[in-house]
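A look at the structure
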Amino acid sequence: MKSWKVALLPALANTRLTVALDNGVGLKPHMGWSSWNVAQCNAASARYALATADKFISLGLKDLGYEYINIDDCWSTKSRDSSGRLVPDPAKWPNGIKAVTDRIHSMGLKFGLYGCAGDKTCAGYPGNEGHERGDVDQLVSWGVDFWKYDNCYTPCRQNPRPQTCTSPAGSTKTWYAPMRDAILGVQNTKKLHFNLCNWGRDEVWTWGASYGHSWRYVVIAHHQHPLPRLTDSRMSVDNWGDWASVERIGNAAAGIYQYSAPGGFNDLDMLYLGSSKLNTNQEKLHFGLWAITKSPLVLGLDLEKISNSTLDIIRNKGLIDINQDSLGKAATTFRPPGAPAPVNGKIYPYWAGPLSDGVVVGLCAGTSAGTYSVNFKDVPGLGGSGSYEWREMYTGQTGKGTSASFNIGLHDMRVIKVMKV
Ligand code: GAL
């Protein structure tokens, strides 16, 4: 079994993923908002969706590329109607879903919904198993653009099915395939983004691109029993919004950097900024690391309550441009001469990845404040002689020469774009 050691970048590999749902969406990591971290089931409503869409405009987020308003679990009633159709909960969607998607589309934004590969969603609402094509037709009729697909109450060796089934291993593809095929069947009428939320089971990063456009490789949730073993290479627990989650997920991202390309991205889970569990430095590192590893940037916070410092971070155009670079290649760690060895579970200081017009270098003060320097000749993709120009995204500092150096506070990050001149 492989372990989640911090991977050291061997070379800036030029991987191409086989993309099955090659329908023109998901060519860049998707950007948007999701209801789940905001107020779980209570946020799965038209009120939240429309208020968030308004904030996307008034806060300038739409202009920066934030696009998807995604409603998570609990949007339907607890049972299907007599024709087997899903019913939007009338208390949460008084005018139905289509009225909301129409309004969101008229604002130039997109709308996402949530489903599940089992017979119930994780929160116990109707799942999609056995109803895949009919449900996709319904999504298309409502104008839905994005479909997150969860992994609860799936076929299992245990009876009755538990919410989280761990056996047989290796089987999640079986229940993601019918939904992928249903989406393929409607591609002429609607181009859906298919987000696999199978919690990293069965090394989804190795096959996710042939099933969907993005895949969650981390498990969420307090409600899962037993909690996944942290030593199990196939999964880790979800972003709980605390610093330990950022360390755990950020560290693991280094090991799967090669599974990132236009049409298929590792989804490091929703951004947990604005919850007061992270201080400003930690929020900067969280956002910066998700950006350079080409994770989708999906805000998991209530935009009506966002602070100015969090707003500054999520509106950092330089970082967003790096995340949205057309190459779609994730950064990972590299070890300059004399640098300490990586410590498993801790954020390594030195990161780099290719951009279409340069290289991004991330410097993370993951374990101690101090001076962090980088000689550009040590950075994969920048070797050889020559001089360089650089710009730092959080401070706006610029420079020329062969190296750059920064004083970085504990848990803060600097992200520089370096170009050879
Ligand atoms: C979890 C998933 C979360 C959220 C939740 C809803 O399985 O990881 O992101 O969707 O279910 O019940």
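Residues numbered from 1 in each chain as written. Predicted model: local features only at pLDDT ≥ 70, side-chain atom pairs only at ≥ 80, totals over all residues. Heavy atoms only, no water.

**Quick look at helix 7 (residues 243-253)**
Since the α-helix packs 3.6 residues into each turn, any two residues three or four apart lie on the same face. Within helix 7, ten of the eleven residues are buried, leaving the element largely enclosed by the surrounding structure. Every buried residue of helix 7 is accounted for by Trp243, Ser245, Val246, Glu247, Arg248, Ile249, Gly250, Asn251, Ala252 and Ala253. Where the residues of helix 7 are buried, they touch helix 8 (280-292) and strand 10 (350-355). (Buried < 20%, exposed > 50% of the residue type's maximum accessible area, 1.4 Å probe, protein only. Helix = DSSP H or I, 4+ residues; strand = E, 2+ residues; numbered from the N terminus. Contact = heavy atoms within 4.5 Å.)

**Thoughts on the UniProt feature "domain: Alpha galactosidase C-terminal" (unreviewed entry) in the chain**
Residues annotated by UniProt as "domain: Alpha galactosidase C-terminal" (unreviewed entry) correspond here to residues 349-418. Split by type, residues 349-418 is 0% helix and 57% strand. Its first and last C-alpha atoms lie 17 Å apart. (UniProt positions renumbered as here; feature names shortened; annotations may be inferred.)

**Brief notes about the domain arrangement of the chain**
Assigned domains within the chain: domain 1 (31-323) and domain 2 (332-420). The C-alpha-based centres of domain 1 and domain 2 are spaced at 31 Å. At the interface, 22 residues of domain 1 touch 24 residues of domain 2. Here domain 1 and domain 2 share an interface that buries about 1900 Å² over both sides, 66% of which is from carbon and sulfur atoms. Linking domain 1 with domain 2 are two salt bridges. The salt bridge involving Lys284 is made with Asp412; its shortest N-O contact spans 3.1 Å. Where domain 1 touches domain 2, the interface holds eight residue pairs in polar contact (both at pLDDT 80 or more). Those elements that provide at least two residues to the side of domain 1 that touches domain 2 are helix 7, helix 8 and helix 10 (317-323). With eight residues, the single largest contributor to the side of domain 1 that touches domain 2 is helix 8. When the residues that make up the side of domain 1 that touches domain 2 are grouped by side-chain class, the tally is eleven nonpolar, eight polar and three charged. (Domains from an automatic or database assignment. Buried area = accessible area lost by both parts, 1.4 Å probe. Salt bridge = Lys/Arg side-chain N within 4 Å of Asp/Glu carboxyl O. Polar contact = N/O pair within 3.5 Å; in protein donor to acceptor, adjacent residues only side chain to side chain. Nonpolar A, V, L, I, M, F, W, Y, C, P; charged D, E, K, R; others polar.)

**Considerations on the pattern of salt bridges**
For the structure shown, the criterion picks out 20 salt bridges. Asp54 is paired through a salt bridge with Arg103; the nearest N and O atoms lie 3.7 Å apart. In this pair, Asp54 sits in helix 2 (residues 46-58) while Arg103 sits in helix 4 (residues 96-106), placing the two residues 49 residues apart along the sequence. The exposure class of Arg103 is partly exposed, given its relative accessible area of 41%.

**Some points on the state of the cysteines**
With the rule as written, the count across this model stands at three disulfides. Disulfide pairing places Cys122 opposite Cys152 at an S-S distance of 2.2 Å. Linking Cys122 and Cys152, the disulfide has an S-S dihedral of approximately 100 degrees and is accordingly described as right-handed. Separated by 30 residues along the polypeptide, Cys122 in the loop between strand 3 (110-116) and helix 5 (132-142) and Cys152 in the loop between strand 4 (146-150) and helix 6 (172-185) bring together distant segments of the chain. Cys152 matches Cys122 in its accessibility class, with the two residues each being buried. Counting its disulfide-bonded cysteines in sequence order, the chain shows a connectivity of 1-2, 3-4, 5-6. Here Cys197 stays free of any disulfide, with the sulfur of Cys122 as its closest cysteine sulfur at 6.9 Å. Overall, Cys197 belongs to the buried group, its relative accessible area being 2%. (Disulfide = S-S within 2.5 Å.)

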